[in-house]
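# Topology and contacts: notes
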Amino acid sequence: MMRLLVIVFMFFSLGVQAETLSIGSRDVIVYTPKSLGNTPAPLVMALHGGLGNARQFRFSLSLNAQADRYGFRVVYPQGTRVNLAWAPNGRVWNAGSCCGTAMRQNVDDVAFLKNVVRALERQGLVSKATAVGHSNGAMMALRVACGAPDVFDRVVAIAGPLLLKSCKRQKDLSVVHLHGTRDRNVPISGGVGPEGVSQFNFPPLQQSVEVLGAAGAVVTIETLTATHFLGSINRALRTARSVSLPEYVAQKLTQ
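The present account deals with the structure reproduced in this document. (Residues numbered from 1 in each chain as written. Predicted model: local features only at pLDDT ≥ 70, side-chain atom pairs only at ≥ 80, totals over all residues. Heavy atoms only, no water.)

Quick look at the overall build of the protein chain now. A tally of helices and strands in the protein chain yields eight helices and eleven strands. For 255 residues, the compact-globule estimate of 2.2 N^0.38 gives 18 Å, and the protein chain sits close to it at 17 Å. In terms of overall dimensions, the protein chain has a C-alpha envelope of 50 × 40 × 40 Å along the principal axes. Nonlocal contacts in the protein chain, meaning residues at least 24 apart in sequence, comprise 61% of its contacts between residues at least 6 apart. Accessible surface computed for the protein chain: about 11000 Å², of which carbon and sulfur atoms make up 52%. (Helix = DSSP H or I, 4+ residues; strand = E, 2+ residues; numbered from the N terminus. Rg over C-alpha atoms; globule rule 2.2 N^0.38 Å. Contact = heavy atoms within 4.5 Å. Areas by Shrake-Rupley, 256 points an atom, 1.4 Å probe, with all protein chains shown as cover.)

Now the structure itself:
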(Lines give C-alpha, C1' and ligand atoms only; values in the text may rest on other atoms or scores of the structure.)
Protein backbone atom coordinates (compact mmCIF):
# COMPACT_ATOMS: atom_id res chain seq x y z
CA MET A 1 0.00 0.00 0.00
CA MET A 2 1.42 3.32 -1.03
CA ARG A 3 1.90 5.93 1.65
CA LEU A 4 -0.27 9.05 1.46
CA LEU A 5 1.42 12.23 2.60
CA VAL A 6 -0.07 15.69 2.27
CA ILE A 7 2.86 17.91 1.40
CA VAL A 8 0.94 21.08 0.72
CA PHE A 9 -2.55 21.46 2.11
CA MET A 10 -4.79 24.45 1.61
CA PHE A 11 -7.91 24.47 3.73
CA PHE A 12 -11.16 24.40 1.77
CA SER A 13 -12.91 26.24 4.60
CA LEU A 14 -10.80 29.28 3.71
CA GLY A 15 -12.03 29.20 0.12
CA VAL A 16 -8.79 27.90 -1.40
CA GLN A 17 -9.48 25.37 -4.12
CA ALA A 18 -6.36 23.27 -4.64
CA GLU A 19 -4.15 20.91 -2.71
CA THR A 20 -1.06 19.00 -3.70
CA LEU A 21 -0.68 15.47 -2.38
CA SER A 22 2.22 13.05 -2.55
CA ILE A 23 1.27 9.43 -3.12
CA GLY A 24 4.33 7.24 -3.08
CA SER A 25 6.95 9.41 -4.75
CA ARG A 26 4.64 11.33 -7.09
CA ASP A 27 2.67 14.54 -6.73
CA VAL A 28 -1.06 14.74 -7.35
CA ILE A 29 -2.94 18.01 -7.76
CA VAL A 30 -6.56 18.05 -6.55
CA TYR A 31 -8.90 20.86 -7.57
CA THR A 32 -12.12 21.35 -5.60
CA PRO A 33 -14.79 23.98 -6.38
CA LYS A 34 -15.44 26.28 -3.43
CA SER A 35 -19.08 25.18 -3.38
CA LEU A 36 -18.14 21.59 -2.49
CA GLY A 37 -16.05 22.10 0.62
CA ASN A 38 -15.22 18.71 2.11
CA THR A 39 -18.40 16.99 0.94
CA PRO A 40 -18.40 13.86 -1.28
CA ALA A 41 -18.64 14.67 -4.99
CA PRO A 42 -17.90 13.09 -8.38
CA LEU A 43 -14.18 12.84 -9.11
CA VAL A 44 -12.66 13.30 -12.57
CA MET A 45 -9.15 11.93 -12.98
CA ALA A 46 -7.32 13.86 -15.73
CA LEU A 47 -4.32 12.04 -17.19
CA HIS A 48 -1.74 14.01 -19.15
CA GLY A 49 -0.28 12.81 -22.44
CA GLY A 50 3.18 11.42 -23.01
CA LEU A 51 5.94 13.95 -22.18
CA GLY A 52 3.33 16.17 -20.52
CA ASN A 53 2.78 16.56 -16.80
CA ALA A 54 0.01 17.29 -14.31
CA ARG A 55 0.48 21.06 -14.21
CA GLN A 56 0.69 21.36 -17.99
CA PHE A 57 -2.48 19.26 -18.44
CA ARG A 58 -4.32 21.28 -15.83
CA PHE A 59 -3.61 24.36 -17.93
CA SER A 60 -4.13 22.92 -21.42
CA LEU A 61 -7.35 21.02 -20.70
CA SER A 62 -8.87 23.93 -18.72
CA LEU A 63 -11.27 21.63 -16.89
CA ASN A 64 -11.41 23.53 -13.60
CA ALA A 65 -14.04 26.02 -14.78
CA GLN A 66 -16.26 23.09 -15.74
CA ALA A 67 -15.67 21.57 -12.30
CA ASP A 68 -17.05 24.80 -10.82
CA ARG A 69 -20.04 24.66 -13.16
CA TYR A 70 -20.93 20.98 -12.78
CA GLY A 71 -19.78 20.38 -9.20
CA PHE A 72 -17.00 17.79 -9.44
CA ARG A 73 -13.43 17.50 -8.21
CA VAL A 74 -10.52 17.09 -10.61
CA VAL A 75 -7.38 15.15 -9.76
CA TYR A 76 -4.26 15.56 -11.92
CA PRO A 77 -1.71 12.78 -11.22
CA GLN A 78 1.88 12.65 -12.46
CA GLY A 79 3.33 9.92 -14.65
CA THR A 80 6.93 8.68 -14.48
CA ARG A 81 9.65 11.21 -15.24
CA VAL A 82 11.60 10.70 -18.46
CA ASN A 83 15.33 11.25 -18.86
CA LEU A 84 15.28 13.64 -21.82
CA ALA A 85 17.18 16.91 -21.84
CA TRP A 86 14.67 18.47 -24.26
CA ALA A 87 11.70 17.45 -22.07
CA PRO A 88 12.95 18.04 -18.50
CA ASN A 89 9.43 18.00 -17.01
CA GLY A 90 8.08 15.29 -19.30
CA ARG A 91 6.36 12.24 -17.87
CA VAL A 92 4.82 9.08 -19.27
CA TRP A 93 2.41 6.30 -18.28
CA ASN A 94 2.81 2.54 -18.56
CA ALA A 95 -0.26 1.88 -20.69
CA GLY A 96 0.70 -1.73 -21.37
CA SER A 97 3.09 -1.95 -24.31
CA CYS A 98 3.76 1.81 -24.40
CA CYS A 99 5.27 4.22 -23.47
CA GLY A 100 8.91 4.96 -22.77
CA THR A 101 10.45 4.87 -19.31
CA ALA A 102 7.29 3.80 -17.47
CA MET A 103 6.80 0.80 -19.74
CA ARG A 104 10.47 -0.22 -19.73
CA GLN A 105 10.59 -0.07 -15.93
CA ASN A 106 7.25 -1.91 -15.69
CA VAL A 107 5.79 0.80 -13.44
CA ASP A 108 2.49 -0.35 -11.93
CA ASP A 109 0.45 2.71 -12.87
CA VAL A 110 -2.83 0.81 -12.52
CA ALA A 111 -2.12 0.31 -8.82
CA PHE A 112 -0.88 3.89 -8.45
CA LEU A 113 -3.98 5.47 -10.00
CA LYS A 114 -6.33 3.15 -8.17
CA ASN A 115 -4.59 4.16 -4.95
CA VAL A 116 -5.09 7.86 -5.79
CA VAL A 117 -8.84 7.30 -5.99
CA ARG A 118 -8.90 5.16 -2.84
CA ALA A 119 -6.90 7.75 -0.87
CA LEU A 120 -9.49 10.42 -1.68
CA GLU A 121 -12.32 8.00 -0.95
CA ARG A 122 -10.88 7.41 2.51
CA GLN A 123 -11.13 11.15 3.11
CA GLY A 124 -14.83 10.98 2.22
CA LEU A 125 -14.41 13.15 -0.87
CA VAL A 126 -15.56 10.83 -3.69
CA SER A 127 -19.08 9.78 -4.66
CA LYS A 128 -17.98 8.21 -7.97
CA ALA A 129 -14.90 8.35 -10.19
CA THR A 130 -14.49 8.94 -13.92
CA ALA A 131 -11.47 9.65 -16.11
CA VAL A 132 -10.29 11.66 -19.09
CA GLY A 133 -6.93 11.26 -20.75
CA HIS A 134 -5.09 12.53 -23.79
CA SER A 135 -2.84 10.33 -25.96
CA ASN A 136 -0.69 8.21 -23.59
CA GLY A 137 -3.02 9.40 -20.79
CA ALA A 138 -6.05 8.10 -22.70
CA MET A 139 -4.33 4.73 -23.14
CA MET A 140 -3.62 4.71 -19.40
CA ALA A 141 -7.20 5.56 -18.43
CA LEU A 142 -8.42 2.67 -20.57
CA ARG A 143 -5.86 0.30 -19.06
CA VAL A 144 -7.09 1.17 -15.57
CA ALA A 145 -10.71 0.66 -16.67
CA CYS A 146 -9.79 -2.77 -18.05
CA GLY A 147 -7.56 -3.91 -15.22
CA ALA A 148 -9.48 -2.43 -12.28
CA PRO A 149 -13.15 -2.27 -13.32
CA ASP A 150 -14.26 -1.06 -9.89
CA VAL A 151 -12.49 2.31 -10.25
CA PHE A 152 -14.10 4.27 -13.13
CA ASP A 153 -17.61 4.13 -14.54
CA ARG A 154 -16.93 6.53 -17.43
CA VAL A 155 -13.88 7.33 -19.54
CA VAL A 156 -13.29 9.93 -22.25
CA ALA A 157 -10.24 8.82 -24.24
CA ILE A 158 -8.86 11.64 -26.39
CA ALA A 159 -6.54 10.57 -29.22
CA GLY A 160 -5.50 7.30 -27.60
CA PRO A 161 -6.61 3.67 -28.07
CA LEU A 162 -6.66 0.75 -25.67
CA LEU A 163 -3.43 -1.24 -26.04
CA LEU A 164 -4.68 -4.41 -24.36
CA LYS A 165 -6.24 -7.34 -26.20
CA SER A 166 -8.58 -8.31 -23.37
CA CYS A 167 -10.35 -6.72 -20.38
CA LYS A 168 -11.81 -7.88 -17.12
CA ARG A 169 -15.59 -8.08 -17.21
CA GLN A 170 -17.23 -4.67 -16.97
CA LYS A 171 -20.47 -3.87 -15.18
CA ASP A 172 -21.36 -0.24 -15.90
CA LEU A 173 -18.46 1.20 -17.91
CA SER A 174 -19.13 3.80 -20.61
CA VAL A 175 -16.27 4.85 -22.91
CA VAL A 176 -16.15 7.66 -25.46
CA HIS A 177 -13.26 7.70 -27.93
CA LEU A 178 -12.67 11.21 -29.32
CA HIS A 179 -10.19 11.10 -32.17
CA GLY A 180 -9.05 13.31 -35.03
CA THR A 181 -9.14 11.90 -38.55
CA ARG A 182 -5.95 13.87 -39.32
CA ASP A 183 -4.01 12.48 -36.35
CA ARG A 184 -0.46 11.74 -37.54
CA ASN A 185 0.84 10.82 -34.07
CA VAL A 186 -1.67 8.09 -33.16
CA PRO A 187 -3.47 7.27 -36.42
CA ILE A 188 -7.13 6.39 -36.06
CA SER A 189 -6.63 3.39 -38.35
CA GLY A 190 -3.58 2.21 -36.41
CA GLY A 191 0.08 1.89 -37.32
CA VAL A 192 3.14 4.04 -36.73
CA GLY A 193 2.30 7.73 -36.75
CA PRO A 194 4.68 9.63 -39.06
CA GLU A 195 4.85 12.48 -36.51
CA GLY A 196 4.81 10.34 -33.37
CA VAL A 197 7.72 10.55 -30.92
CA SER A 198 7.40 6.94 -29.72
CA GLN A 199 7.31 5.37 -33.21
CA PHE A 200 4.97 2.79 -31.69
CA ASN A 201 2.81 0.58 -33.90
CA PHE A 202 -0.62 1.47 -32.50
CA PRO A 203 -3.66 -0.77 -32.88
CA PRO A 204 -6.64 0.64 -34.80
CA LEU A 205 -9.21 2.46 -32.73
CA GLN A 206 -11.83 -0.07 -33.74
CA GLN A 207 -9.95 -2.66 -31.70
CA SER A 208 -10.75 -0.67 -28.55
CA VAL A 209 -14.45 -0.86 -29.35
CA GLU A 210 -14.26 -4.62 -29.88
CA VAL A 211 -12.17 -5.44 -26.79
CA LEU A 212 -14.11 -3.17 -24.43
CA GLY A 213 -17.44 -4.19 -25.93
CA ALA A 214 -16.60 -7.88 -25.50
CA ALA A 215 -16.03 -7.17 -21.80
CA GLY A 216 -19.45 -5.54 -21.45
CA ALA A 217 -18.62 -1.84 -21.78
CA VAL A 218 -20.67 0.60 -23.85
CA VAL A 219 -18.26 2.23 -26.29
CA THR A 220 -18.68 4.95 -28.91
CA ILE A 221 -16.26 6.59 -31.34
CA GLU A 222 -16.67 10.27 -32.13
CA THR A 223 -14.41 11.61 -34.88
CA LEU A 224 -13.42 15.15 -35.78
CA THR A 225 -11.48 16.77 -38.58
CA ALA A 226 -8.54 17.41 -36.29
CA THR A 227 -4.94 16.45 -35.59
CA HIS A 228 -3.55 14.84 -32.44
CA PHE A 229 -3.33 17.97 -30.35
CA LEU A 230 -5.79 19.42 -27.85
CA GLY A 231 -5.88 22.82 -29.52
CA SER A 232 -6.84 21.29 -32.86
CA ILE A 233 -9.47 19.07 -31.24
CA ASN A 234 -10.87 22.04 -29.33
CA ARG A 235 -11.16 24.13 -32.50
CA ALA A 236 -12.82 21.28 -34.38
CA LEU A 237 -15.38 20.79 -31.60
CA ARG A 238 -16.20 24.50 -31.56
CA THR A 239 -16.64 24.52 -35.33
CA ALA A 240 -18.60 21.29 -35.68
CA ARG A 241 -20.63 21.27 -32.46
CA SER A 242 -20.37 24.74 -30.92
CA VAL A 243 -18.86 23.31 -27.74
CA SER A 244 -15.36 23.58 -26.30
CA LEU A 245 -13.26 20.54 -25.43
CA PRO A 246 -13.54 21.07 -21.64
CA GLU A 247 -17.31 21.51 -21.98
CA TYR A 248 -17.51 18.35 -24.07
CA VAL A 249 -15.51 16.34 -21.53
CA ALA A 250 -17.58 17.63 -18.59
CA GLN A 251 -20.83 16.81 -20.34
CA LYS A 252 -19.72 13.27 -21.26
CA LEU A 253 -18.53 12.53 -17.74
CA THR A 254 -21.54 13.99 -15.90
CA GLN A 255 -24.48 12.91 -18.09
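That covers the picture; the talk isn't over yet.
Below, the discussion takes up the packing of helix α7 (residues 230–241) against helix α8 (residues 245–254). Between two packed helices, both the angle of their axes relative to each other and the distance between the axes serve to describe the pair. One can describe the packing of α7 onto α8 by two numbers: an axis separation of 8 Å at closest approach and a directional angle of 80°. Of the possible angle classes, the one that applies to α7 and α8 is roughly perpendicular. The segment α7 lies against α8, with L230, I233, N234, L237 and R241 engaging L245, P246 and Y248. (Axes fitted to C-alpha atoms, helices over the stretch in contact; angles between N-to-C directions. Parallel < 35°, antiparallel > 145°, perpendicular 65-115°, else oblique.)

Let us now look at the side chain of H177. Mapped onto the elements of the fold, H177 is located in strand β10 (residues 174–180). What H177 contacts, discounting residues up to four positions off in sequence, is L142, A157, G160, P161, L162, L205, S208, L212, V219, T220, I221 and E222.

Take the nonpolar core next. Soluble globular proteins tend to bury their nonpolar side chains together. The biggest cluster of nonpolar side chains holds 42 residues, and the ones touching the most others in it are M45, F152, V155 and L212. Those elements that place two or more of their residues in this core are β2 (18–23), β3 (26–31), β4 (41–47), α4 (109–122), β8 (126–134), α5 (136–147), β9 (154–158) and α6 (205–214). Apart from residues no more than four positions distant in its own chain, L212 is found in contact with L142, C146, L162, C167, L173, V175, H177, A217 and V219. Listed in part, the 30 residues of the second largest apolar core include V44, L245, Y248 and A250. (Core = buried A, V, L, I, M, F, W, Y, C linked by side-chain atoms within 4.5 Å. Buried < 20%, exposed > 50% of the residue type's maximum accessible area, 1.4 Å probe, protein only.)

Read these as layout, nothing more, since geometry by itself doesn't imply function.
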